[in-house]
Amino acid sequence: MKLSKNRFSQFFLKFTLFTLILSNSFGQNPVATPTGPTTAPINIPTNIPAVNPNGTGTQQTPNMPLPNKNRALPTNDPTAVRTTGVNAADQRAMTKEDSLRVIKEQEANEDAAKATLRRRIFGNNYFNTVKFDPSPAINIATPSNYVLGPNDQLIIDIYGYSQATYKPIVSPDGFITIDRIGLIYVAGSSIEQAKERIINRLAKVYIGLRPFSGFEPNTFCNISLGAIRSIKVTITGEVIAPGTYTLSSLSTTLNALYVCGGPNEIGTYRKIEVIRNNKVVSTFDLYELLMSGTTKNNILLQDQDVIQVLPYVSRIAVQGYAKRNGLFELLENEKLNKVIEYAGGFNAYAYTHRLKVHRNTSRERKILDVLSKDLNNFSVQSGDSLVIERVLERYENMVTIGGAIYRPGEYSLESNPTLTQLIAGAEGLKGEALTGRVSIVRTRDNMIVENIAVNLDDIMKGNAADIALKREDIITIPSIFDLTEPAYIHIQGALNNPDAVEGIELPFLRNMTIEDVLVKVGGLSESASLSRVEVVRRKRNVDPTSTNAQISDTYIFDISSDLKVEQKGSKFYLYPFDEIFIRKSPNYVKQTFVEIQGEVIFPAKYGIQSKTEKISDVIQRSGGLTPQAYLEGATLVREVQLSEIEIAQRRQAINEIANSVKGNQVVEVEDVDATKKSSIGINLTKIMQNPGSNEDMILQDGDIIQIPKRLETVRVQGEVLYPTTVKYLDSQGFINYISHAGGFTKKSLRSKSYILYANGSVDRTRRFLFVNIYPKVAPGSEIIIPQKTTTAQQQLAQAQGLFATVAGTITTLLSIFTIFKLTK
């Protein structure tokens, strides 16, 4: 059909417009400028006023890049998109949010750094363990130095001639009230002082409390502390959580320190002051508790006491091979030896002869060497770092001896200064020692390693001076066995030993005979030939210039059943590396068997009588066939050897299955059977009609003859609609049985259909022109319809590709023909 010019123009115009629309949809933004006002880019300053995390005032954050979501693109960027307008309030909100986030991150990093530093301080673990109970012990005897105060309860027990119990409580004014006694002032007094004062007042009522007119007192008084009061203690200075705490009146300085979390990263552990009534009443050194367990200045606190923790004065870092690494605080008069004491001393691998101290000066750092003798006098400064190195991996007095010696190993140079003394200390030489060539490997002072050869025979006989040893000398006593190639005798063949197939190696011994070797390997097997024992010996003087030079000597012997070698002349002794072969007797044959199964009179296992026994012979020996025997279905099962390719394929298949079961775990299967049972199709009908013919096969060991009953079914499987098993009928053919299975599927490859017969043979579908000639169906056979390897779409695509190729070829030929015609 031809198009007019107008219609063609309209079509071309529509196609052009459609192309432009597609390009605008999938390409860049349209070139047209947007109508309407644009918003100028936002310039957010880098110095942002941020809110103080404490809630008061503002603070300046350092210059930091803002997140990309808050940055505006410059207007002169050709790839920039139109910016969105952001008002000032939104800008301030984003600024505060980002500033707070940055501040919180900085605070978290600082807290983590401080916690890391505190973990290094010696004594910090005391305040971080959950095993420590900060509460004071209450169920204890009343401390004699306990000072009474308001709200303390006293228990006054009067016993003896008079009995009474009072439980007064100290009033806010410091008095206790006792019936018939009145007020007694006890505030600020210790328990002992208060006891004396109270007994003096009670003695006026209870006469027996004091001696009277020469009589001993018969009334007694015991005063103890009952309920205790609470006190308020202020903890200030360099602690984790300073503040005012309400504690028990039995609390000590250590209890208060634990409650506030202990000293912080710059707080002192050595001078913790307790201030009472504006005076320092105690200076507590926590190191006394940590090092010796004593707490002599750990006093009981009183109400309104102040605990002050000042910054440390001097702190030293210890690292390396000390028992305890970390930061240690020193007092003014303490030396370097105290640092090592606080660090627990040196560990087992420390190099103690010389220590290194790294010190900060006013301009830079420097290093100081401190000898072990100067530790008690070396003054340290705050910020010093003590480095304890590891002892050298070398010995200052070790010599080593090895080889043909009874006790090889390392020995002390002081105890064994000479070669003969070292050998004596190592329990002497072995019998195979080669004393004429003893080797000493020595390292000189300039680190050059040299070898010193020594004739130990001359030294032992007194013909040469003894050798003085040096540190790190290595002495080797050679053995004559080390200088001789290991010799062996190899034997293989018909032996009573499971390793005889590959051969057995025995160490060579002088004067060894064939009989000795046979006894060692277990003797001869039943199949051994007594007239064929062969020994192959090396030639040690082969002429290299001769082309037909003899390269081995062969000796053949007869042997009796009692393992005596029959030989003439002198006795035959074996040489090193002799090879002995015990041949198998050609007259010896093991029994072989064949099994017959199925429809015979006597199905069983039968021994093969001759090398030429065939299938028909065994069937005749088994009593013949039964009336139900189906000859066309008879098979011969034989074990065949797999090729290397088949073994590799089987191993790969097993590995793939094993890996799929194990998941991601890789499984490698090494052992794969090298044989398999294979069914061989036989024509038993012809064999029985003509025994001994070419159809009649010679049997082998392990063969199985299977003769089934007459089969009356046919199995259909593969690419059919309903794979099934149907009854065999002589009148039906291949297509009939396919119909019983529902017919072919769309994926059926009809031209490649085949039949597997009951005897194991296979017949395929043949093709004549465009007609499939299907094989004949027999009872017990199996019809198999394979699947097409390509789908209908793939076939259609192949056909379209073929047609396109043909069309392109024709078009090319027509074009060439037209050009050729126009050029004429």
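Quick note: structure is the one above.
Let us look at the structure shown here. (Residues numbered from 1 in each chain as written. Predicted model: local features only at pLDDT ≥ 70, side-chain atom pairs only at ≥ 80, totals over all residues. Heavy atoms only, no water.)

A few words on the packing of aromatic side chains. Using the criterion set out here, one finds 13 aromatic pairs in the structure. A ring pair is formed by Phe122 and Tyr287, whose centres lie 5.1 Å apart and whose planes are at 80°; its orientation type is edge-to-face. Pair noted here: Phe122 is in the loop between helix H2 (88–120) and strand E3 (154–160) and Tyr287 is in helix H5 (residues 286–292), with a separation of 165 residues, a long-range link. Take Phe122 and Tyr287: they sit in the same class, and that class is buried. An aromatic cluster of at least three residues, connected via ring pairs, comprises Phe122, Tyr287, Phe328 and Tyr342. (Phe/Tyr/Trp six-rings, centres within 6.5 Å; stacked < 30°, edge-to-face > 60°. Helix = DSSP H or I, 4+ residues; strand = E, 2+ residues; numbered from the N terminus. Buried < 20%, exposed > 50% of the residue type's maximum accessible area, 1.4 Å probe, protein only.)

This part takes up the sheet that holds strand E20 (residues 438–443). Taken together, five strands build an open sheet; the order of strands is E19-E18-E22-E20-E21 and the sheet is mixed. Every other strand in the sheet has two partners, leaving strand E19 (409–412) and strand E21 (449–454) as the edge strands with one partner each. Recorded for the sheet is a direction-independent mean angle of 25° between the axes of neighbouring strands. One ladder, built from four bridges, connects strand E18 (residues 398–403) with strand E22 (residues 474–477); its direction is parallel. (Pairing = 2+ DSSP bridges. Axes fitted to C-alpha atoms, helices over the stretch in contact; angles between N-to-C directions.)

Now for the pairing of strand E23 (residues 488–493). The pairing of E23 with strand E24 (residues 504–507) spans four bridges and is classified as antiparallel. Paired with Ile489 across the bridge in E24 is Leu506. Sheet analysis places E23 next to strand E28 (residues 579–584), joined by four bridges and oriented parallel. If you follow Gln492 over to E28, its bridge partner there is Phe581.

What follows is about helix H9 (residues 514–521). Within H9 the residues assigned to the buried category are Ile514, Val517, Leu518 and Val521. With its buried residues spanning 100° around the axis, H9 presents them on a single face. Projecting away from the buried face of H9 at angles above 90 degrees are the exposed residues Val519 and Lys520. Positive phi appears at Gly522, one or two residues downstream of H9, with a value of about 105°. (Arc of directions from axis to C-beta.)

It is worth spelling out the pattern of salt bridges at this point. For the coordinates displayed, the defined rule picks out 23 salt bridges. Notably, a salt bridge pairs Glu265 with Arg118, separated by 3.0 Å at the nearest N-O pair. Of the two residues, Glu265 sits in the loop between helix H4 (253–259) and strand E10 (267–276) while Arg118 sits in helix H2, which places them 147 residues apart along the sequence. Note on Glu265: relative accessible area 13%, which makes it buried. Here Glu393 ties to Arg390 by a salt bridge, and the two come within 3.0 Å at their closest N and O atoms. Residues participating in the shared-partner salt-bridge network are Arg270, Asp285 and Glu334. (Salt bridge = Lys/Arg side-chain N within 4 Å of Asp/Glu carboxyl O.)

Moving on: the side chain of Glu782. Relative to the assigned elements, Glu782 resides in strand E40 (residues 782–785). One buried charged side chain, Glu782, makes no salt bridge at all; its nearest oppositely charged neighbour is Arg715, positioned 4.0 Å away. With near-sequence residues (within four places) excluded, Glu782 lies in contact with Arg715, Gln717, Tyr754, Ile755 and Leu756. (Lys, Arg positive; Asp, Glu negative; His and termini not counted. Contact = heavy atoms within 4.5 Å.)

This part is about the pairing of strand E26 (residues 552–559). Pairing of strand E25 (residues 528–538) with E26 involves six bridges; the strand directions are antiparallel. Counted as the bridge partner of Val535 is Tyr555 from E26. Taken together, the two bridges between E26 and strand E27 (residues 565–566) define a ladder with antiparallel strand orientation. Across the sheet, the residue bridging to Ile559 is Val565, located in E27. Here E26 hands over to E27 after five residues, with Leu563 in that stretch at a positive phi of 70°.

Keep in mind that these numbers describe shape and distance, not what the molecule does.
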